[in-house]
Amino acid sequence: MAETPPITMITEERAFYILQLEQSATSEEIVARYEILKDQYRRIKDETEDLRTRLAYQLKQIELDDVFIYFRRKQRI
């Protein structure tokens, strides 16, 4: 049976790391960075023929969505 990778909880520190932002970022900066990265990852995923790359960027998109949800719940955005 294959082992499943551990689930990593999104923390505030990790969320800012994923977005490549400082913790002092405003809500506008957070949303703008989320949208930029989401679009960039979608473009890379759509333009590649390599299945591993497509899956990797699909996972990155999911991670970004998790960060967005985290900030919404914490009322940062």
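Bear in mind the structure is a predicted one, so any value in this text is a computation, not a measurement.

Some details on the UniProt feature "coiled-coil region" (unreviewed entry) in the chain
Thought 1: Mapped onto the present numbering, the UniProt feature "coiled-coil region" (unreviewed entry) falls at residues 27-54.
Thought 2: Helix makes up 89% of residues 27-54 and strand 0%, whereas the separation of the span's terminal C-alpha atoms amounts to 29 Å.

Quick word on the side chain of T48
Thought 1: Assignment of secondary structure puts T48 in the loop between α2 (27-47) and α3 (51-73).
Thought 2: Within the structure, the side chain of T48 is placed 3.2 Å from the backbone nitrogen of D50, a separation counted as a polar contact.
Thought 3: Residues in contact with T48, not counting those within four places in the same chain, are T53 and R54.

About the cut-offs
Residues numbered from 1 in each chain as written. Predicted model: local features only at pLDDT ≥ 70, side-chain atom pairs only at ≥ 80, totals over all residues. Heavy atoms only, no water. UniProt positions renumbered as here; feature names shortened; annotations may be inferred. Helix = DSSP H or I, 4+ residues; strand = E, 2+ residues; numbered from the N terminus. Polar contact = N/O pair within 3.5 Å; in protein donor to acceptor, adjacent residues only side chain to side chain. Contact = heavy atoms within 4.5 Å.

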